[in-house]
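Notes for the structure review
In case you want the letters, here they are:
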Amino acid sequence: MTALQRRARDAAPVRVPFPVVDEVARHCLQEEEPETVHIEVHLPGRLDEARLRAAFAEALRRHPRVLMREAPGRWYRLRYAWELTAEPDVEVVRFPAPGRNALRDARTRALTEAPALSSSPPVRLEVVLASGPVEGSEAGDAVGVPPRGTDRPAQDAGCDTMRDRPTPDTTSDTMPDHPAPDTTSDTMQGRPAPDTTSDTMPDHPAPNTGPNTMPDRPTPDTTSDTMPDHPAPDTGPDTMRGRPAPSAASGTVLFLTINHTALDGPACLRVLATAAELYGGRDNSPAAPPVRGAPGTPPPAVAAPSPWSRPARVAPGTPEPSPGNGLLVTELPLPRRPRGAPYTVNDQLMVTTALTLAHWNREHGARPRPLRITMPVDDRPRDAGMPIGNGTRLVEVAFAHEELTADADRMPALLQRTAARTRALKAVPRPQLGRGAALLTAPVTPVAWRAALTRGLRRAAAPWTSTTLLSNIGRIPYALDFGEEAGRAHAVWFSAPARMPRGLTVTTASTAGRLHLALRWSRALLGHGDGAHLRDLFEHYLHTTEVAP
């Protein structure tokens, strides 16, 4: 080691004060519900361990802002600070032992084990080499795998969705019970399905909501000319209930787990795209963003709810005794949108989320209130110079209770109003968490005092916290192509923390012409059956947004 290298190693690390978002997140950390972001990337082939470790290490060096750890300090310091490091403190890339439960266990770790802030970088990449059927999970791993004899995308993500089940009877006076958990992972292995009629897994009947809580619609005819891209599922010997059999012998799933106090999902996806380019030698430059259609004729105005009115909360379902988050991922068709429509897919997803939660709350007898949905807005470029960190700003889209109807005649106006609201919110410059948070984090008192004040204000403001968060990543801008052997990503899921008082987050992204939906909830609010029911409602209402402007 030369004298210059020793001097560089022994020099004091560069310190960067915590930005506003990082400080507020640091104040409010809880062990029961780790603040993690989970990114799940499915590849058709295999990765070489040594090459991947080298590529990801070089990607970290090319984005040096990710190589950081929380600097130690005394209680009376005025600010938290990040220490930037030249190299990782820990081994970032891990290869868990393959096995039947490898995918499920990796998802569980992503929700329960946050990378430590005291070690650089606060990121973990797990590579599941053989992801077989997922026993006891709401998600299978047969995503994007076409049935034998066809070159079209898979109709399903390995989950029970409304395409594979009879359409629920929504004309009766009561809503049906929540569907039993998906047991295909067991039945496909030749094992008996779990007994869901025992006392350990009770039914969850929903309250009587009257005859018109969910509009009737026939099961979509996937063989008609109106849906040419989504043929009826192959029901041959390699499928079960219209879905392809999972491949347990090939394929790779990358799990990127991020401590959200330090970084967000888009920033770490940029790092992963750099690693893919270094590994496979193929271009992973970001694609141009989609263009929003021109604004149409303004729809009739609807009075926006007062910002001081208390928004609706997600009605409790069947909570679980253990703390933490639950997760459900599924794959859906992208909603159709007329060419030149004055709204985007993001607006359709916003309306879908609002209608889903309004329906859920009606089922559970919640008092009607306006809905507020938090929406992250990310203005950063996606190229190699993208700023790394927590770079999104949060805005809130409000919906009056009266306008949340799935009536086909009123849907175009609802979509256009939503587009006008989101367009206006994105155009207004504002601090990431608002001016109040910027004032709260001003370094004029010891950071420990500000931490106690922040936690107290958070508890006091809980009734005015938004109903839920919808994070639509949009079309994944990178190919995530790892070369000829591993291939390019055919499914990418994100999930965001779901702490109370919201208790539910909805995250969407699109890859290879498919919509990848992740529902993540606090177990103090909802259970697994609730998540499956919310997924079905989301799919139903997503279909209702496919209307002419």
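Read on for a plain summary of the structure.

Calculation notes
Residues numbered from 1 in each chain as written. Predicted model: local features only at pLDDT ≥ 70, side-chain atom pairs only at ≥ 80, totals over all residues. Heavy atoms only, no water. Helix = DSSP H or I, 4+ residues; strand = E, 2+ residues; numbered from the N terminus. Buried < 20%, exposed > 50% of the residue type's maximum accessible area, 1.4 Å probe, protein only. Contact = heavy atoms within 4.5 Å. Areas by Shrake-Rupley, 256 points an atom, 1.4 Å probe, with all protein chains shown as cover. Pairing = 2+ DSSP bridges. Axes fitted to C-alpha atoms, helices over the stretch in contact; angles between N-to-C directions. Parallel < 35°, antiparallel > 145°, perpendicular 65-115°, else oblique. Left-handed = near helix turned anticlockwise from the far one by under 90°. Nonpolar A, V, L, I, M, F, W, Y, C, P; charged D, E, K, R; others polar. Patch = residues over 30% accessible without salt bridge, like charges linked within 9 Å, V, L, I, M, F, W, Y side chains within 5 Å. Salt bridge = Lys/Arg side-chain N within 4 Å of Asp/Glu carboxyl O. Core = buried A, V, L, I, M, F, W, Y, C linked by side-chain atoms within 4.5 Å. Phe/Tyr/Trp six-rings, centres within 6.5 Å; stacked < 30°, edge-to-face > 60°. Lys NZ or Arg CZ within 6 Å of the ring centre and 35° of its normal.

Secondary structure assignment for the protein chain yields eleven helices and 16 strands. Here the protein chain holds 549 residues, and 51% of them are scored as buried. Across the protein chain, contacts joining residues at least 24 apart in sequence account for 80% of those joining residues at least 6 apart. Here the protein chain has roughly 24100 Å² of accessible surface; of this, 56% comes from carbon and sulfur atoms.

To continue, consider the sheet that holds strand β1 (residues 15–17). Judged by pairing direction, the sheet is antiparallel, and its three strands sit side by side in the order β1-β4-β3 without closing on themselves. Of all strands in the sheet, those with a lone pairing partner are β1 and β3 (68–70), marking the two edges. Strand-to-strand twist in this sheet, taken as the mean axis angle between neighbours without regard to direction, amounts to 35 degrees. Where β1 meets strand β4 (residues 81–84), three bridges bridge the pair, whose relative direction is antiparallel. Across the sheet, R15 pairs through a bridge with E83, a residue of β4.

Next up on the list: the packing of helix α7 (residues 345–363) against helix α8 (residues 411–427). The geometry of α7 relative to α8 is characterised by a closest axis approach of 9 Å and an angle of 115 degrees between their N-to-C directions. Taken together, the axes of α7 and α8 are roughly perpendicular relative to one another. For the pair α7 and α8, the crossing hand works out as right-handed. Of the residues in α8, those in contact with N346, D347, Q348, M350, V351 and L355 of α7 are M411, L414, L415, T418, A419, T422 and K426. Per-class residue counts for the contact of α7 with α8 are seven nonpolar, four polar and two charged.

On the surface, W75, Y76 and W449 cluster together into a nonpolar patch covering about 430 Å² of accessible area. Its location among the elements puts W449 in helix α10 (residues 447–460). Classification of W449 as exposed rests on a relative accessible area of 54%.

Here we take up the pairing of strand β14 (residues 491–495). With respect to burial, β14 is a largely interior element, five of its five residues being buried. Of the two faces of β14, both are covered, the one formed by A491, W493 and S495 as well as the one formed by V492 and F494. Here strand β2 (residues 36–43) runs beside β14; their pairing, made up of five bridges, is antiparallel. Residue E40 lies in a different strand from β14, and its bridge partner there is W493.

Time to look at the sheet that holds strand β6 (residues 123–128). Spatially, β5-β6-β9-β2-β14 is the arrangement adopted by the five strands of the open sheet, whose pairing is mixed. Each edge of the open sheet is held by one strand with a lone partner, namely β5 (93–94) and β14. Note: β5 against β6, two bridges, orientation parallel. Among the inter-strand pairings, R94 is bridged to a residue of β6, identified as E126. Against the sheet, helix α4 (residues 102–112) makes contact with β2, β6, β9 (252–259) and β14, and its axis sits at roughly 170 degrees relative to β6, the strand it touches most.

Close approach of charged atoms allows side chains with opposite charge to pair. Within this structure, the stated rule accounts for 27 salt bridges. A salt bridge links R53 to E49; the shortest N-O distance between them is 2.9 Å. Within this pair, R53 and its partner E49 are both found in helix α3 (residues 49–62), separated by four residues, close to a single helical turn. Residue E49 is classed as partly exposed on the basis of its relative accessible area of 37%. Each of the salt bridges in this network shares a partner with another, and the network as a whole consists of R15, R69, E83 and D89.

Turning next to the environment of A518. Examined against the element boundaries, A518 turns out to sit in strand β16 (residues 514–522). Judged by relative accessible area, A518 falls into the buried class, the value being 0%. As a C-alpha pair, A518 and E331 span 187 residues in sequence and 8.9 Å in three-dimensional space.

Turning next to the nonpolar core. F56, L254 and F482 are the most contacted members of the largest nonpolar core, which totals 50 residues. Those elements that provide at least two residues to this core are β2, α3, β6, β9, α6 (265–280), α10 and β14. In terms of residue count, α6 provides more of this core than any other element does, nine residues in total. Setting aside anything within four residues of it in sequence, one finds F56 in contact with V92, V93, L125, L256, V271, L272 and A275. Residues M350, A406, L470 and L517 belong to the second largest nonpolar core, which totals 44 residues.

This part takes up the packing of aromatic side chains. Taken as a whole and assessed by the stated rule, the structure comprises four aromatic pairs. Taking 5.3 Å as the distance between ring centres and 45 degrees as the angle between the ring planes, the aromatic pair formed by F18 and Y80 counts as tilted. Pair noted here: F18 is in the loop between β1 and α2 (20–27) and Y80 is in the loop between β3 and β4, with a separation of 62 residues, a long-range link. Taking relative accessible area as the criterion, Y80 reaches 7% and is therefore assigned buried. Relative to W82, the ring of F18 has its centre 4.1 Å away and its plane inclined at 20 degrees; by these criteria the two rings are stacked. Taken together, the residues F18 in the loop between β1 and α2 and W82 in strand β4 connect sequence positions 64 residues apart. The exposure class assigned to F18 is buried, which follows from its relative accessible area of 1%. Among the aromatic residues, those joined into a cluster by ring pairs are F18, Y80 and W82. The ring centre of Y279 lies 4.0 Å from the NZ or CZ of R51, which sits over that ring. When the ring centre of W464 is taken as reference, the NZ or CZ atom of R310 above it lies at 5.9 Å.

Here the focus is the side chain of H27. Take H27: it is sitting in helix α2. Non-local contacts of H27, meaning those with residues more than four positions away in its chain, are made with Y80, V447, R450, A451, T454 and R455.

On to unusual backbone geometry. That bond from S120 to P121 is cis: its omega, -5 degrees, falls within 30 degrees of zero. Structurally, P121 is set in the loop between α4 and β6. That bond from M500 to P501 is cis: its omega, 15 degrees, falls within 30 degrees of zero. Tracing the backbone shows P501 in the loop between β14 and β15 (504–511). Located in the positive-phi region is L480, a residue other than glycine, with phi close to 50 degrees.

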